[in-house]
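Notes for the structure review
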Amino acid sequence: MSTPERSYETASARIEEIIKRLDSGEAGLRETLELVREGRELVELCAGELEAVGRGLEELRLDELVARLEAGGSGGSGGSASP
Amino acid sequence: MSETRPAGLDGSALKGPFPVGEYAAALRGQLRGFRRVQVFGEVSNLGVRAKAVYFELRDVNGALPCSMWRSDYDRLGIDLHNGTEVVLGGGCDYYPGSATSSPSFTFRATAMRVAGEGELLAQIERLRRKLSAEGLFDPQKALPRPALPRSLGVVTGEGGKARDDVLAGLRRRGWEGRLVWAFAPVQDRRAAPLIARALQDLVATGGVDAIVVARGGGSVVDLMAFSDETLCRTVALLPVPVIASVGHHTDRTLIDDVAAVSCSTPTHAAESAVRVHCGEARTAMTGHARRLQACGRRAVIERARRLEDLTRAPAEHVARQRSRLHQKLRELRAAGRRGVELRRAASAAHLTTLTRRSAAAGVEHRRAQSALGPAATDLDRVATTTLARRERDLERLRLALAAHDPERTLERGYALVSGPDGELITSATGARAARRVSLRFHDERVAARIEDGS
């Protein structure tokens, strides 16, 4: 499961905030450079997330996945499945 | 096949033997003569053929092979499934078969309705209240739901339309991540546990960020699997958000209530699972990156310009201040000169005035002196006269005083009598009272005793 420390939505929301702050013209040089640095990192993070879902649909079948895992000796499908 | 009637069984009292076809036809006649009735039970072994629909109607005590002409079935508009409870109207029938086809008994249904929808709805409602009271509608909704999942799980019927709809929704979002299909039956009695199992397996092995459970709709009976208590409890406690789409607008299934999100169609479910439009987001990110870069550059350049201005500013400021100081200095000097001149002029004027006044005073003095001359002489004379007279008066007074001086009187033979306390005694009574007295003559004192006692 993809659980980046910062999710796409919080990162993109923060980018919006940063741009709003920069547009306000109230930030000093140090803050501006700090915000730009943070914004770039977040844009990279978001771009990475978008890149991860832009390389072509990868379709798998759960039964095959389970079979593969079981064949790999991982020991069953896990969970307390009801019959 | 011989058409001649064979001999019967030895010793048998039964009629016949009859040709089987004839007996079968008679049997059909008999069965068709049975009273037509309504029967109810659960559909199983359903088979939909070109000419007829075949199934068995069962309950716990028995079963009846049933059929319905396809034309009758299609007119009903019922989507029949195994497990559906139905009420049938019809009667017994028998297909006698032929030389090449097998005979069969059937309950030929001519009318049908799905039974127990009202009871099912009431049952769902009771379960809804129960699950709600247990707080099972909330956990899924409290789960964080990523706007842009990397991996999705989809539980749906294999080959169903829902699968295409999900794909269409994902295409619309421009999403091309990892999709794990968990195919499961989605409408009969086996469906609920298999769906629950698929969900658990997806969480355990699929590594998915969200799960879509999709079905293309159906009647309450069709969708009963999605109101199954065990399935709903499983969904409620899954650690991954479930987006339900069982495509039913009027009667919500319980999975709609326990899931994180409920959508009306699988397409919407897919769009809800991926809330970000990937293409637009990429464009937006490119824009953001450009703006950030521009902001950074602009900030630096603007500051650099300002710094440059500031660097120039002190020199200009000093020069400006210096010229201002020079100006002030010139003004001060001029003012100083002007002040000295003014004071000098004022002093000269004062001098002139004083000189003039001094001269005037001299003249005045002289005139006063000359005016005072005779008066002074008169004054001197008056003073001299007055002085001589005053000296004479003083001599006379001195003499008068000398005449009255007690010392002079004592010298002439008088004496002063005083008591022991020094007080003067001026009477004989006083002298007698004092008894001891002091007599002062002009040269010295003499103590005396008064003997003239009273």
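Just above sits the structure.
Residues numbered from 1 in each chain as written. Chains lettered and ligands numbered in written order. Predicted model: local features only at pLDDT ≥ 70, side-chain atom pairs only at ≥ 80, totals over all residues. Heavy atoms only, no water.

Describing the overall build of chain A
Counting its regular elements, chain A contains three helices and one strand. Across chain A, helices and strands are ordered from the amino to the carboxyl terminus as α-α-β-α. Counting every position in chain A, which comprises 83 residues, the buried fraction comes to 31%. Excluding contacts between residues fewer than 6 apart, the proportion of contacts in chain A whose partners are at least 24 apart in sequence is 51%. (Helix = DSSP H or I, 4+ residues; strand = E, 2+ residues; numbered from the N terminus. Buried < 20%, exposed > 50% of the residue type's maximum accessible area, 1.4 Å probe, protein only. Contact = heavy atoms within 4.5 Å.)

Topic: the sheet that holds strand β11 (residues 416-418) of chain B
All names here are of chain B. The sheet built from three strands is open, its strands ordered β11-β12-β13 with antiparallel pairing. Two strands close off the open sheet at either side, each with one partner strand: β11 and β13 (445-449). The sheet shows a mean angle of 30° between the axes of neighbouring strands, taken without regard to direction. Where β11 lies against strand β12 (residues 436-440), three bridges are found, and the strand directions are antiparallel. Paired with leucine 416 across the two strands is arginine 440, which belongs to β12. (Pairing = 2+ DSSP bridges. Axes fitted to C-alpha atoms, helices over the stretch in contact; angles between N-to-C directions.)

Some words on the sheet that holds strand β8 (residues 210-214) of chain B
Spatial ordering of the open sheet is given by β1(A)-β7(B)-β6(B)-β8(B)-β9(B)-β10(B), a layout of six strands whose pairing is parallel. Unpaired on one side and paired on the other, β1 (54-61) of chain A together with β10 (261-262) of chain B mark the two borders of the sheet. Across two bridges, the pairing between strand β9 (residues 242-245) of chain B and β10(B) is parallel. Among the inter-strand pairings, B:Ile243 is bridged to a residue of β10(B), identified as B:Val261.

Some details on the interface of chain A and chain B
Contacts between the two partners involve 44 residues from chain A and, on the opposite side, 50 residues from chain B. Buried area between chain A and chain B, both sides added, is near 4,000 Å², and the carbon and sulfur share of it is 61%. Counting across the interface, chain A meets chain B through three salt bridges. For A:Asp23, the salt bridge identified is with B:Arg291, shortest N-O distance 2.3 Å. If you look at where chain A meets chain B, you find 14 residue pairs in polar contact (both at pLDDT 80 or more). Listing elements by their share of the side of chain A that touches chain B, those giving two or more residues are α1 (8-24), α2 (29-52), β1 and α3 (62-71) of chain A. Residue contributions to the side of chain A that touches chain B peak at twelve residues, all from α2(A). In terms of residue class, the side of chain A that touches chain B is built from 23 nonpolar, twelve polar and nine charged. Bridge count between β1(A) and strand β7 (residues 176-183) of chain B: five bridges; the pairing is parallel. The residue of β7(B) that forms the bridge with A:Leu60 is B:Val180. (Buried area = accessible area lost by both parts, 1.4 Å probe. Salt bridge = Lys/Arg side-chain N within 4 Å of Asp/Glu carboxyl O. Polar contact = N/O pair within 3.5 Å; in protein donor to acceptor, adjacent residues only side chain to side chain. Nonpolar A, V, L, I, M, F, W, Y, C, P; charged D, E, K, R; others polar.)

Looking at the nonpolar core
The nonpolar side chains of soluble globular proteins are, as a tendency, buried together. B:Leu148 and B:Trp175 are the most contacted members of the largest nonpolar core, which has 43 residues in total. Looking at this core, the elements that each hand over two or more residues are α1 and α2 of chain A together with β6 (151-156), α5 (161-173), β7, β8, α9 (266-273) and α10 (278-404) of chain B. When sequence neighbours within four positions are dropped, the list of residues in contact with B:Leu148 reads A:Tyr8, A:Glu9, A:Glu49, A:Leu50, A:Val53, B:Trp175, B:Val274, B:Val276 and B:Cys278. Formed by 40 residues, the second largest nonpolar core is a distinct cluster that contains B:Val180, B:Ile195, B:Leu199 and B:Ile211. (Core = buried A, V, L, I, M, F, W, Y, C linked by side-chain atoms within 4.5 Å.)

Some remarks on the pairing of β12(B)
Residue and element names in this part refer to chain B. Strand direction decides the pairing type here: β12 and β13, joined by five bridges, are antiparallel. For leucine 439, the partnering residue across the bridge sits in β13 and is valine 446. Where β12 folds back on β13, the antiparallel hairpin that results is connected by four residues.

Examining the pattern of salt bridges
Throughout the structure, instances matching the rule amount to 31 salt bridges over all chains. Across the pair A:Arg61 and A:Asp63 runs a salt bridge whose closest N-O atoms are separated by 3.1 Å. In this structure, the salt-bridge partner of B:Arg367 is B:Glu364, at a minimum N-O distance of 2.1 Å. Residue B:Arg367 and its partner B:Glu364 are located together in helix α10, separated by three residues, close to a single helical turn. Look at B:Arg367 and you get partly exposed, because its relative accessible area is 46%.

Observations concerning helix α6 (residues 191-206) of chain B
Residues B:Ala191, B:Ala192, B:Ile195, B:Ala196, B:Ala198, B:Leu199, B:Gln200, B:Asp201, B:Leu202, B:Thr205 and B:Gly206 constitute the buried set of α6(B). Tucked inside the fold, the buried residues of α6(B) contact α3 of chain A together with β6, β7, β8, α7 (229-236) and β9 of chain B.

Points about the packing of aromatic side chains
Residues and elements named next belong to chain B. Inspection of every chain in the model, using the stated rule, returns one aromatic pair over all chains. Between tryptophan 181 and phenylalanine 183, the ring centres sit 5.7 Å apart and the planes meet at 10°, which makes this aromatic pair stacked. Across the pair, phenylalanine 183 and tryptophan 181 agree in class, each one buried. Taking the ring centre of tryptophan 69 as reference, the NZ or CZ of arginine 108 above it sits at 4.0 Å. A cation over a ring is seen here: arginine 163 above tryptophan 181, with NZ or CZ 4.9 Å from the ring centre. (Phe/Tyr/Trp six-rings, centres within 6.5 Å; stacked < 30°, edge-to-face > 60°. Lys NZ or Arg CZ within 6 Å of the ring centre and 35° of its normal.)

Re unusual backbone geometry
Residue and element names in this part refer to chain B. Residues glycine 16 and proline 17 are joined by a peptide bond in cis, for which omega reads 0°. Its place among the elements puts proline 17 in the segment before α1 (20-32). Phi is positive for asparagine 45, close to 50°, though the residue is something other than glycine. Although it is not a glycine, arginine 435 adopts a positive phi angle of roughly 65°. Here arginine 435 shows up in the loop between α12 (428-434) and β12. Classification of arginine 435 as exposed rests on a relative accessible area of 55%.

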